[in-house]
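So you can see what is in the structure, the chains are spelled out below.
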Amino acid sequence: MLDIENVHKTFHAGTAHEVRALQGLSVHIDEGSFTVVIGTNGSGKSTLLNAVAGTFFVDTGQVRIDGQDVTRWPECRRASLLGRVFQNPFSGTAPNLSIAENLALASRRGARRGLGPVISARLRRRMGEVVSQLKMGLEDRLDTPIGTLSGGQRQALTLLMATWQKPRLLLLDEHTAALDPKSAEQVVALSEQVISRDHLTTLMVTHSMQQAARLGDRLVMMHQGKVLLNLGGAQKKRVRPEELLARFEEVRRSDLLDESAAEMLARCYV
Ligand SMILES: Nc1ncnc2c1ncn2[C@@H]1O[C@H](COP(=O)(O)OP(=O)(O)OP(=O)(O)O)[C@@H](O)[C@H]1O
Ligand SMILES: [Mg+2]
């Protein structure tokens, strides 16, 4: 469903600030798969999601969605296929618009004309039904500006918006990281519910090893812009948070070794 083939992306190439964020990344995601992506800070997880969404063009390699080569599609063209939720509850919704207005925008995603003058009674009824499933009491506050809600409430609504029109691919980038534990749990439960109900092919980035072990049917661990570990089927089911932590420790140690080797080499050549 999603094929990423030998993708490279370097930021600020040829300058002192050069960062090789993706270095020959290849990964294949099946239709309907819920894939969890983990990796140390700076390993390229968000860059991977951005490469899929078309936030920038990759330097080399190919991105295919449903067999279509979208590598050179601009972000706005890919947006019709994607739903996205970011870490920050403040992105993804318009703070001055009400819950109903935000949901109306989501319901018109991909439509050619702008927001209509009124929200139909039918749409408003559906909003009430969907929002009441959150059990956050927001169905009675459809006219409240989204900017006045808590982070957890906003993130739950952002998720509803991102999935209102079943996207071909759902991209979640640490979407519960900024929430308190209880709200994070609620948003995770909502994510699981929507993903399994609508069979959404999903890529979810997380730093929580508990989430990584428990959620999804595939686990991808990134390191230095490449896939270090890719577990599916029984291997994914078996994996425990402690094993993942041990892997992280291994990676960290080999990075330190790399660093000290590089330092030694640098000293040798002074
Ligand atoms: N737009 C950009 N311009 C310059 N450098 C960037 C840009 N986006 C990412 N990078 C750099 O690319 C590398 C990979 O970043 P990325 O955000 O993908 O990491 P990450 O795995 O998501 O990390 P984290 O867990 O901290 O979110 C980092 O060194 C980052 O500074
Ligand atoms: Mg990131």
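Residues numbered from 1 in each chain as written. Chains lettered and ligands numbered in written order. Predicted model: local features only at pLDDT ≥ 70, side-chain atom pairs only at ≥ 80, totals over all residues.

**A short note on the sheet that holds strand β4 (residues 60-65)**
Okay, so step 1: Across the sheet, four strands lie side by side as β2-β1-β4-β5; this open sheet has antiparallel pairing. The sheet is open, and its two borders are formed by β2 (19-29) and β5 (68-69), each paired with just one other strand.
Okay, so step 2: As defined by bridge partners, β4 adjoins β5 across two bridges and the pair is classed as antiparallel. Considered in β5, the bridge of Arg-64 is made with Asp-69.
Okay, so step 3: Each of β1 (2-11), β2 and β4 touches helix α1 (residues 45-53); the most contacted strand, β2, lies at about 65 degrees to it. (Pairing = 2+ DSSP bridges. Helix = DSSP H or I, 4+ residues; strand = E, 2+ residues; numbered from the N terminus. Contact = placed C-beta atoms within 7 Å. Axes fitted to C-alpha atoms, helices over the stretch in contact; angles between N-to-C directions.)

**A closer look at the pairing of β1**
Okay, so step 1: Bridging between β1 and β2 involves eight bridges; their strand directions are antiparallel. By the bridge assignment, Lys-9 is partnered in β2 with Leu-22.
Okay, so step 2: Sheet topology note: the β1/β4 ladder contains five bridges and is antiparallel. Looking across to β4, one finds that His-8 is bridged to Thr-60.

**Considering the sheet that holds strand β9 (residues 218-223)**
Okay, so step 1: Ordered in space as β6-β7-β8-β3-β9-β10, the six strands form an open sheet in which the pairing is mixed. Sheet topology places β6 (82-85) and β10 (226-232) at the edges, where each strand pairs with a single neighbour. Pairs of neighbouring strands in the sheet enclose a mean axial angle of 15 degrees, with direction left out of account.
Okay, so step 2: Sitting on the sheet, helix α5 (residues 151-163) touches β6 and β7 (169-173), and the angle it makes with β6 is about 170 degrees.

**A short note on α1**
Structurally, the α-helix is built with 3.6 residues per turn, so residues lying three or four positions apart point the same way.
Okay, so step 1: Counting buried positions along α1 yields seven of nine residues, so the element is predominantly enclosed.
Okay, so step 2: Looking only at α1, the buried set comprises Lys-45, Thr-47, Leu-48, Leu-49, Asn-50, Ala-51 and Val-52.
Okay, so step 3: Within two residues after α1, Gly-54 carries a phi angle of roughly 80 degrees, on the positive side. (Buried ≥ 20, exposed ≤ 12 C-beta atoms within 10 Å, placed from the backbone.)

**Let's talk about the environment of Leu-231**
Okay, so step 1: Locating Leu-231 in the fold gives a position in strand β10.
Okay, so step 2: Among the residues examined, Leu-231 registers 17 C-beta atoms within 10 Å and is labelled partly exposed.
Okay, so step 3: Here Leu-231 is in contact with Arg-218, Leu-219, Lys-236 and Val-239, once residues within four sequence places are set aside.

Honestly, that's just the spatial picture; any functional story needs more than this.
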